[in-house]
Each structure stands twice: as structure tokens, then as C-alpha cells.
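Structural features, examined
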Amino acid sequence: MKQTVSEVILDQLAEFGVKRIYGVVGDTIIGLLDALAKQDRIQFIAVKHESSAALMASAEAKLTGRLGVCTATMGPGATNLLNGLGDAYSDKAPVLALTGQAPTDKIGTDYQQYVDQQELFKPFASYSANLGSEEAIVELLQKAAQISLQQRAVTHLSIPKDLFDKKTSAQSRPLPVVIEGISTFEKEGVERAAAIMKTAKKPMILAGAGSVKASADLETLAERWGAGILTSLGGKGIFEENSPYLLQGIGEGGNPYAKEIFKEADVVLLSGVTWWPEGYVPQNARIIQIDINLDNAKKGIPVELAISGKTEDIIPLLHESLKTHSPNQKWQTTIQQGKEKWAQQNEQEGEQESQPIHPSKIVRAIEKTIADDAIIALDTGDVTVWMNRNFRQQNQKVLFSGYWRTMGFGLPAAIAAKLEMPEQQVVAIVGDGGLQMTLADLLTATRYGLNITVFVFNNQALQMENDKIDAMGDRREGTDLTNPDFVKMAEACGWKGYCADSGDSIEAVIQQALNTDSPTLVDIQTNQTFFPETE
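If you're wondering where the values come from, they're calculated on a predicted model, not measured in any experiment.

1. Points about the pattern of salt bridges
Pairing between side chains of opposite charge can happen when their charged atoms approach one another. Summed over the entire model, instances satisfying the criterion amount to 25 salt bridges. The residue Glu-351 makes a salt bridge to Lys-368 at a minimum N-O spacing of 3.6 Å. With Glu-351 in the loop between α12 (329–349) and α13 (359–369) and Lys-368 in helix α13, this residue pair connects regions lying 17 residues apart in the sequence. When salt bridges that share partners are traced, they join Lys-19, Arg-20, Glu-60, Arg-66 and Glu-420 into one network.

Here it is in C-alpha cells:
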């Protein structure tokens, strides 16, 4: 029997391993929603704003590596997806957006809400197509999914309203099975990298999320090469806190003593990272980059030698090439001193007393109370830099908006994480400004019975912007926030609400919230502290 286009879409997405679609109901996607209501393989998550739907799809894709899917109606629904798709595009999360479009006989006319969606999505989507025939739906879905998953990219399909209910003979089918061969590298190629590394007197390693499977090998390499290790925000938690070579993070919010050490480096190995914090980096170092996608070598980093492949395949080969290398003992002492100096200061910062509560004190309280394997959905803003500075990550998984850096990421990401991993502890760490951008989705967590915990750094300001304005000597305007009573707001949405207004009680309040079996929000009265690395 022939199926409708909507039914085939859901069959095909199920073949791809899709478990849920995030979206907002709209006129032009009613046919798809009707098909969703008649099956139980894929769950529709009804959210309050299309931007949140796309952020949830992006967060799920980052967390699982699977295809994340979001949907919206035409016109304003489609345009509202763009912020979340910008996050997925920037952080290379495989996301497919399905949008309704005007009926086929109205495309290109002055039909209400019509816009050329292929042009609209062009900045973010590696592939965007409009379904012109009901018979083409499987072919377009296959192409979109393959591009998203193989390139870790955003793709988009617009589907005219009248085609969702059309019968088609197209049938879903699995994606081609991809068998990954063992990467091989010519000895001369690895030796070329090793030859550059052997010239180093002051070597450094900058590691990111792409190094997660190579952490032990990177530590061995650091020992053999005599290098210090720095991490991006995505690389936090890859290495044990007590690793003798780890200087923690670099950039705004990182180890403040690492900046000058890093600037002295003469050879830098970038491992699974595409980020290069301007103002914190050496000017004349020779740079080697290892990345599975060499397109990542084009983000403004002056790379001399790029090696295409997985870090876990390549790093062990470099061990062998450096067997006889003699590390620079003086440089190793410099690294150790920088590590110890920051460890002592970080410990002290976490005990700072103030009223309202100092951000470092809040971070330390969170560090002491959350589960070692918690999923942290970190929003963008002042909370990001304080967490990067003071949070000593263990095995927690951190979801964040890396290159796009959108405020409002934290709550949607936490919702997606809890839907995907209901048995895991999931916390969202947000600023008051970021939370207000997605407050309505407190009700989404209530609707689906999601036991997440939200910690709100409530300093009644866009504090990061205040800091930047003050650093420039300019006059503040528009940064003061008019905040609701977050506890009452949470309770009105069916959540439990707590307030932490004292450094003496903050750990106990946080622990109580984490032990509460319902969505829970903690309003933390936060000091408007100038972040010391602000430029």
C-alpha cells in the first residue's frame, strides 16, 4: 500500500535512528503532526519557540552524535529556527530542519508568509532543497542525512503543505553502511611532523573535544616531548586534574598564568581543536594541527603542517618518533610552576566571601555537589567564563554553545539531554539574562516530567557586557535587568523553587535541589563581580 509523504518521512527518520522531533505546531506542517500522532516510534516534543526547538536538536546531536531533527512552519516559524541552526552549524552538530512551505501552486508568489527558504537557510545549511514531487522524498531525506552525518553539518528540507498528505510509492531504506578502514600514514609524513616537534625548546599541546579518545596518549606524548597541555572549553575534563602536564584552560576564563607561558611556545600541537584564542597565543610558533576534517584547519590559525585523521590513531605514532628526544627541563619547571600557582589561587578563589555570593564561590559549591557523571548544560555569558575559570571538571559532560555563543542555550540543552538520558543527573547553569530568553520552556520540562535542575546566577545584569563596557571606559546602557521572582515563576510553572542568598548555606541549598524529584530551580543571589580577564 502507498503511504503519505508524512508517513514515509517518519519511517525514514526512524531508519536513521531519530528518536524525537523538536518543534512548534504550525499550519503548513499539520500533515506531519497528524502522522506523528498516529505512531509511537518518534516522539514530537512541543516547545514554546522554534529557536529552542533548533537548540534542542543541536544539543541532542552534540551529546549523541546522531541526527538531531527540528521542525517549524513557513515564514516566521522557519526564520525562528535560524539561531539554533547557527549553533549547530558553528559547532558541527548533525541537524536536519524540516519546514513547511506554501502549497506547490503558490511557491514564488505573494502568498502570505512565503519566503525562498533555500536562500534563507543558505548561511547555515550545507544542503537545502524544496520537495517538488512526492516521489522524491526518500531521495532528498537520504541525501540530507548522509551530508549531515558524514560532514557533521546542518541540512534542510522545505515541504509544500499540500505534499505532506500526498500518497507516494517511495519507501524508506537504511543509509548505506559505512565501514571505516584503519587510517594509514606514510612514515615520511609522520616523521615530518616529528622533525618539527624535535626543534622545540618550549613545546605546548592545545587539546579539544576531538582528543577525548587520545587523552592517555597525549599525556605520554607530553612527558616524552616535555610539553605543557592546555585545553579548550570543550576539552575540559579530558585529563585528570592532577596530571603533571595540565595547565587547564586557555583564553578568557582559563588559567591566568597560562597566557604568558603559551606565548613563549615555539612549537604547538593542536589536537582535536579548531579554536585559537586571539591575544593568548604565540606569534611565531610553528603549528601542527591534527583533525579528522582538514576544513577545520582554515579558521584563521597559521598552521604549518596539518595531519588529517583521528587523534587516537596519530598520537601513538608520534610517540615512537620522539623516543630519543630529550625534554627541556627548564621549560618543564616553568610549566609546573604555572600549574601549581594557579591550583593554589583557584582553591582560594572558591572560598571568597561576599554578599551577594561571589561567582567563584557558587562554582565551587556546584563542583562539590553535582554528580561526577552529571551532564551540564552551560549557557553563554558571565556564567561561562566563571565556570571555565573555577570549575574543576571530573567526568561530567558539558554541553555549550561553542562558536555561536548564543545566550539561551542552557535550558533547551538540559531538556534535550534529560530526554535522551533520563537516568543521568542533568543541570543547567544559566545567567538571569540567558534564562529570560527561554523562560517559557520551563513549561516544556513540566509537560514532559523532566527532573532537571537549573542554577541561576542572578546578578540582575548582563554582567559580561557590563565588564566589557567598564574595561573600555564607556557608559553603561541597557545592561540592567528587570528580573521576576524566579522562585515564584518556577513554582507557577510546576517546578520546585529555592533561593540561595548566603555563602554559608549555598551548598546545602544546591544539594537539596539536586535531591528533589522534580524540575527544580535555584535562584542564586550573585555578586556583580568584575571578571579579571576582561579586555
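2. Quick look at the pairing of strand β5 (residues 95–101)
Of all seven residues that make up β5, seven are buried, and the element is covered over most of its length. Side chains Val-95, Ala-97, Thr-99 and Gln-101 of β5 all project onto a buried face; the interleaved residues Leu-96, Leu-98 and Gly-100 project onto the opposite face, where all are buried too. Taken together, the five bridges between strand β4 (residues 68–72) and β5 define a ladder with parallel strand orientation. Each bridged residue has a counterpart across the sheet, and for Thr-71 the counterpart in β5 is Leu-98.

3. Details of the packing of aromatic side chains
Under the defined criterion, the tally for this structure stands at four aromatic pairs. Through pairs of rings, three or more aromatic residues link up here, namely Tyr-89, Phe-124 and Trp-404. Between Lys-259 and the ring centre of Tyr-280, over which it is positioned, the NZ or CZ distance is 5.0 Å. Cation over ring: Arg-389 sits above Phe-531, and NZ or CZ is 5.7 Å from the ring centre.

4. Structural notes on the sheet that holds strand β6 (residues 125–130)
Read across the sheet, six strands follow the order β3-β2-β4-β5-β7-β6 without closing on themselves; strand pairing throughout is parallel. Sheet topology places β3 (43–46) and β6 at the edges, where each strand pairs with a single neighbour. Going from strand to strand, the sheet's axes swing by 20° on average, the running direction of each strand aside. Two elements, strand β2 (residues 20–23) and β3, share four bridges in a ladder whose sense is parallel. Among the inter-strand pairings, Gly-23 is bridged to a residue of β3, identified as Ala-46. Against the sheet, helix α1 (residues 5–15) contacts β2, β4, β5 and β7 (154–160), and its axis sits at roughly 175° relative to β5.

5. Quick notes on the nonpolar core
Cys-70, Leu-85, Ile-452 and Trp-495 are the most contacted members of the largest nonpolar core, which totals 53 residues. Ranked by residue count, the leading element in this core is helix α3 (residues 50–64), at eight residues. Setting aside its immediate chain neighbours within four residues, Trp-495 contacts Leu-411, Leu-442, Ala-445, Thr-446, Ile-452, Val-454, Ala-490, Pro-519, Thr-520 and Leu-521.

6. Some thoughts on the pairing of β4
Along β4, five of the five residues are buried, which leaves the element largely enclosed by surrounding structure. What you see with β4 is no split at all: Gly-68, Cys-70 and Ala-72 on one side and Val-69 and Thr-71 on the other are buried throughout. With two bridges joining them, β2 and β4 adopt parallel strand pairing. Following the sheet pairing, Gly-23 is matched in β4 by Thr-71.

7. Topic: the environment of Gly-226
Here Gly-226 shows up in the loop between α9 (215–225) and β10 (228–231). Residue Gly-226 is classed as buried on the basis of its relative accessible area of 1%. Taking the C-alpha atoms as reference points, Gly-226 and Gln-348, 122 residues apart in sequence, are found 29 Å from one another.

8. As for α13
Where burial is concerned, most of α13 is hidden: ten out of the eleven residues are buried. Pro-359, Ser-360, Lys-361, Ile-362, Val-363, Arg-364, Ala-365, Ile-366, Glu-367 and Thr-369 are the residues of α13 that are buried. Where α13 is buried, its residues contact α12, α14 (382–390), β17 (426–431), β18 (453–458), α20 (506–514) and β20 (520–525).

Conventions and cut-offs
Residues numbered from 1 in each chain as written. Predicted model: local features only at pLDDT ≥ 70, side-chain atom pairs only at ≥ 80, totals over all residues. Heavy atoms only, no water. Salt bridge = Lys/Arg side-chain N within 4 Å of Asp/Glu carboxyl O. Helix = DSSP H or I, 4+ residues; strand = E, 2+ residues; numbered from the N terminus. Buried < 20%, exposed > 50% of the residue type's maximum accessible area, 1.4 Å probe, protein only. Pairing = 2+ DSSP bridges. Phe/Tyr/Trp six-rings, centres within 6.5 Å; stacked < 30°, edge-to-face > 60°. Lys NZ or Arg CZ within 6 Å of the ring centre and 35° of its normal. Axes fitted to C-alpha atoms, helices over the stretch in contact; angles between N-to-C directions. Contact = heavy atoms within 4.5 Å. Core = buried A, V, L, I, M, F, W, Y, C linked by side-chain atoms within 4.5 Å.

Treat this as a map of the structure, not an account of what it does.
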